[in-house]
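Residue-level structural notes
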Amino acid sequence: MNYPVKNIYGKTNNQKISVNVVGSKSITARAMLISALAEGESVLFGAQFSDDCATFLQCLKTLGIEVETDGAALKIKGCGGRLKKDKAEINVGSAGTAARFLPAFLAFQNGRYVINCSQQMKNRPVQPLTSALSQLGAKIEFFEKEGSFPFAIEGAASPATSLEVDVSKSSQFLSALLISAVCAGKPITVKPYGSHGLDYVNMTAEMQRAFGAEVKEENGAFTVCGGYRARNYTIEPDISAACYFYAANKILGTEICVEGVGSRSLQGDIKFIKLLQTFDGGEVNAASFSDQALTLAAIAPYLGSPTRITGIGHIRAQECDRIKAIAYNLAAMGVKCEEFADGVKIYPSQPKPAIIKTFGDHRVAMSFAVTGLRADGIVIENAEVCSKTFKEFFTVLDNLCARLTAG
């Protein structure tokens with residue numbers, strides 16, 4: 001569907017509005033896998049049920065993990081780190097977190113497992129992870145292109161206790177190894193290399209500790225030992241989803257508040273919300289909150305001076321080349337944008353009417369919807385792609401606009 005965004009700039013009568021967003025995708029994915037590895041039954045409250053999380057959950061079920069949905073709660077009976085199935089075929093679709101986390105889990109199992117995916121996922125990087133899994137002792141058989149999905153993985157009979165992983169393209173490779181390291185039954189040390197923000201790795205380690213594992217960091221290396229104990233766990237609201245509404249505040253002068261969002265959030269994107277409090281153009285390294293590079297780019301035309309976003313070269317290999325998506329759509333709106341290998345520079349101007357090409361990327365759709373709140377004629381093409389992480393986004397946005405402009 002195409003979604004015409006409502007320009008509500010200067011029409012807001014109610015400045016202070018609160019909204020609810022879905023549970024955190026990042027925390028939901030981690031909690032689901034940790035619960036699947038734990039001893040006993042965990043209950044997760046506030047879990048996200050987006051396409052990505054549903055795909056992750058279906059993969060766990062296919063692997064033999066018992067899952068039950070009870071209203072808003074998700075019950076997961078853990079396997080204690082050892083699957084009963086020694087062979088299975090799963091499909092991670094376009095779910096990036098599942099595509100990184102599940103191969104690491106399977107590398108510690110006694111069996112052979114086939115991992116299929118969408119066409120889009122075949123183009124996303126996985127070689128740094130499979131290289132680390134080979135160090136671990138797992139055997140990888142690529143079916144099409146070396147270092148890419150789809151592939152089969154045969155678990156390591158006696159996992160190595162020390163390995164390295166390149167996190168230049170994604171810190172999820174490190175998080176994947178840390179979460180499943182408990183399956184080894186002995187301490188495992190993982191040393192990352194390459195430049196990347198580690199905020200989401202710190203989230204991973206904190207959640208591991210919350211479920212009873214021991215995670216230590218020393219001289220840049222992480223050591224994991226112990227195991228997980230089942231527990232009840234409440235998932236925070238998704239800060240990535242909340243960011244769109246705080247970005248709207250920046251350009252509309254509103255005071256939209258997202259329920260449950262606090263400064264002590266585990267999620268790295270909280271840095272973006274804090275940045276918005278004072279930022280009015282200039283240079284910002286967005287490596288530690290790169291999912292919000294699109295959001296910042298979407299509101300940059302309205303800021304007081306040019307905005308240079310750096311440190312985001314790796315987002316070229318996400319659902320689409322997000323740097324090119326930024327440049328393409330800003331150009332379509334008549335906004336000057338310079339593209340660089342690791343980022344963009346955007347010059348202030350009033351966006352003109354345009355159809356936003358989403359490139360099949362949920363964050364492109366949601367980010368440029370914010371632009372349209374202060375510009376005429378902005379239409380989001382294929383807006384349904386937001387179902388990947390926030391299926392009700394445009395419904396929430398419609399309701400929000402109605403409340404803000406009510407007489």
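Quick summary incoming for the structure in this document. Computed from a prediction, not measured in an experiment: that's the story for all the values here.

1. Focus: the sheet that holds strand β16 (residues 282–285)
- An order of β16-β17-β19-β18 is seen for the four strands of this open sheet, with the pairing classed as mixed. Each edge of the sheet is formed by a strand with only one pairing partner; in this case those strands are β16 and β18 (337–340). The sheet shows a mean angle of 10 degrees between the axes of neighbouring strands, taken without regard to direction.
- Pairing geometry for β18 and strand β19 (residues 343–346), over four bridges, is antiparallel. The partner of cysteine 337 across the bridge, within β19, is isoleucine 346.
- Sitting on the sheet, helix α10 (residues 322–332) touches β18 and β19, and the angle it makes with β18 is about 160 degrees.

2. Looking at the pattern of salt bridges
- Tallied over the full model, the rule gives 21 salt bridges.
- The partner of aspartate 398 in a salt bridge is lysine 6, and the shortest N-O contact between them spans 3.0 Å. Here lysine 6 lies in the loop between β1 (3–4) and β2 (18–19) and aspartate 398 lies in helix α12 (residues 393–405), a separation of 392 residues in the sequence.
- A residue is classified by how much of its surface remains accessible, and aspartate 398, at 28% relative accessible area, is partly exposed.

3. Some details on the packing of helix α1 (residues 25–37) against helix α5 (residues 172–180)
- Two elements in contact, α1 and α5, have axes whose closest approach is 10 Å; the angle formed by their N-to-C orientations is 25 degrees. By the criterion of interaxial angle, the relationship of α1 to α5 is roughly parallel. Crossing of α1 against α5: the hand is right-handed. Counted together, Arg30, Leu33, Ile34 and Leu37 of α1 and Ser175, Ile179 and Ser180 of α5 form the full contact between these two elements.
- Per-class residue counts for the contact of α1 with α5 are four nonpolar, two polar and one charged.

4. Structural notes on helix α6 (residues 199–210)
- Compared with the 16 Å implied by 1.5 Å per residue over twelve residues, the 17 Å span of α6 between its first and last C-alpha is a close match.
- The set of residues buried in α6 consists of Tyr200, Val201, Met203, Thr204, Ala205, Met207 and Gln208.
- Those residues of α6 that are buried lie in contact with α1, α5, β12 (214–218), β13 (221–225), β14 (232–234) and α7 (239–252).
- Among the residues trailing α6, glycine 212 stands out with phi positive, at a value near 105 degrees.

5. Looking at the environment of glutamate 283
- Mapped onto the fold, glutamate 283 is located in strand β16.
- Residue glutamate 283 is classed as exposed on the basis of its relative accessible area, which comes to 59%.
- Glutamate 283 sits 58 residues away from cysteine 225 along the chain, and the two C-alpha atoms are 41 Å apart.
- Contacts of glutamate 283, omitting those with residues within four sequence positions, involve Arg308 and Thr310.

6. Focus: the packing of aromatic side chains
- According to the stated counting rule, one finds eleven aromatic pairs in the structure shown.
- Centroid distance phenylalanine 149 to phenylalanine 151: 4.9 Å. Interplanar angle 25 degrees. Geometry classified as stacked.
- The exposure class of phenylalanine 149 is buried, given its relative accessible area of 2%.
- Seen in terms of ring centroids, phenylalanine 390 and phenylalanine 393 are 5.6 Å apart; in terms of plane orientation they differ by 70 degrees. Their pairing is edge-to-face.
- Overall, phenylalanine 390 belongs to the buried group, its relative accessible area being 2%.
- Among the aromatic side chains, those forming a connected cluster through ring pairs are Tyr3, Tyr244, Phe245, Phe390, Phe393 and Phe394.
- Here the guanidinium or amino end of arginine 308 rests over the ring plane of phenylalanine 340, the centre of that ring lying 3.9 Å away.
- Lysine 357 extends its terminal NZ or CZ atom over the ring of tyrosine 328, reaching a point 5.7 Å from the ring centre.

7. Remarks on the packing of α7 against helix α11 (residues 362–371)
- The N-to-C vectors of α7 and α11 enclose an angle of 20 degrees; their axes lie 9 Å apart at closest approach. As the angle between them shows, α7 and α11 are arranged roughly parallel. Relative to α11, the crossing made by α7 is right-handed. Taken together, the residues of α11 that come into contact with α7 (itself represented by Ser240, Tyr244, Ala247, Ala248 and Ile251) are Arg363, Met366, Ser367 and Val370.
- A breakdown of the residues in the contact of α7 with α11 according to their chemical character gives six nonpolar, two polar and one charged.

8. Side note on the sheet that holds β12
- Taking strand neighbours across the sheet as the criterion, the four strands line up as β10-β11-β13-β12 in an open arrangement whose pairing is mixed. Of all strands in the sheet, those with a lone pairing partner are β10 (162–166) and β12, marking the two edges. The average angle at which neighbouring strand axes cross in this sheet is 25 degrees, direction not considered.
- The sheet contact formed by β10 and strand β11 (residues 188–193) spans five bridges and is parallel. Looking across to β11, one finds that glutamate 164 is bridged to lysine 191.
- Strands β10, β11 and β13 of the sheet are contacted by α5, whose axis makes an angle of about 155 degrees with β10.

9. Some words on the pairing of β13
- Relative to β13, β11 is paired through three bridges, and the arrangement is antiparallel. Bridging across to β13, threonine 189 finds its partner in threonine 223.
- Sheet topology note: the β12/β13 ladder contains five bridges and is antiparallel. Its bridge partner being in β13, valine 215 is matched across the sheet by valine 224.

10. A closer look at the environment of asparagine 202
- Residue position: asparagine 202 is located in helix α6.
- It is 17 Å that separates the C-alpha atoms of asparagine 202 and aspartate 291, two residues lying 89 residues apart in sequence.

Each value, and the rule that gives it
Residues numbered from 1 in each chain as written. Predicted model: local features only at pLDDT ≥ 70, side-chain atom pairs only at ≥ 80, totals over all residues. Heavy atoms only, no water. Pairing = 2+ DSSP bridges. Helix = DSSP H or I, 4+ residues; strand = E, 2+ residues; numbered from the N terminus. Axes fitted to C-alpha atoms, helices over the stretch in contact; angles between N-to-C directions. Contact = heavy atoms within 4.5 Å. Salt bridge = Lys/Arg side-chain N within 4 Å of Asp/Glu carboxyl O. Buried < 20%, exposed > 50% of the residue type's maximum accessible area, 1.4 Å probe, protein only. Parallel < 35°, antiparallel > 145°, perpendicular 65-115°, else oblique. Left-handed = near helix turned anticlockwise from the far one by under 90°. Nonpolar A, V, L, I, M, F, W, Y, C, P; charged D, E, K, R; others polar. Expected span 1.5 Å × (residues − 1). Phe/Tyr/Trp six-rings, centres within 6.5 Å; stacked < 30°, edge-to-face > 60°. Lys NZ or Arg CZ within 6 Å of the ring centre and 35° of its normal.

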